[in-house]
Amino acid sequence: MAVTGVLIWIASGVLAYFITEAAALCCGRRAWDKATREFALVCSMLLGPIYLLIAAELLLLAAIGNGLTTDHTRRHKDS
């Protein structure tokens, strides 16, 4: 039982690390520097599944923000 818990903790930490990387790269290439990588690594190993939820929300907000900041061309005139 303990081994399963540790494996879930490690797997969720690794997945959270990669989700954090995706969120940082969504914002900009310079956002994923050494300090951010170290912070994501430490948080993912300490918090595990909790950080997975935080990272997923961070990726969602980064994707929403990226969609809001892109310039959409309008094809129709406003009424």
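Residues numbered from 1 in each chain as written. Predicted model: local features only at pLDDT ≥ 70, side-chain atom pairs only at ≥ 80, totals over all residues. Heavy atoms only, no water.

(A) Looking closely at the packing of helix H2 (residues 34-47) against helix H3 (residues 49-69). Where H2 contacts H3, the two axes come as close as 6 Å, and the packing angle between them is 130 degrees. Here H3 runs oblique to H2, going by the angle between their axes. Here Ala40, Cys43, Ser44 and Leu47 of H2 lie close against H3, whose contacting residues are Pro49, Ile50 and Tyr51. Taken together, the residues of the contact of H2 with H3 sort by class into 6 nonpolar, 1 polar and no charged. (Axes fitted to C-alpha atoms, helices over the stretch in contact; angles between N-to-C directions. Helix = DSSP H or I, 4+ residues; strand = E, 2+ residues; numbered from the N terminus. Parallel < 35°, antiparallel > 145°, perpendicular 65-115°, else oblique. Contact = heavy atoms within 4.5 Å. Nonpolar A, V, L, I, M, F, W, Y, C, P; charged D, E, K, R; others polar.)

(B) The arrangement of the packing of aromatic side chains in detail. Taken as a whole and judged by the stated rule, the model has 2 aromatic pairs. Among the aromatic residues, those joined into a ring-pair cluster are Tyr17, Phe18 and Trp32. (Phe/Tyr/Trp six-rings, centres within 6.5 Å; stacked < 30°, edge-to-face > 60°.)

(C) Main features of the side chain of Ser44. Relative to the assigned elements, Ser44 resides in helix H2. Excluding residues that lie within four positions of it along the chain, Ser44 makes contacts with Gly13, Ala16, Tyr17 and Tyr51.

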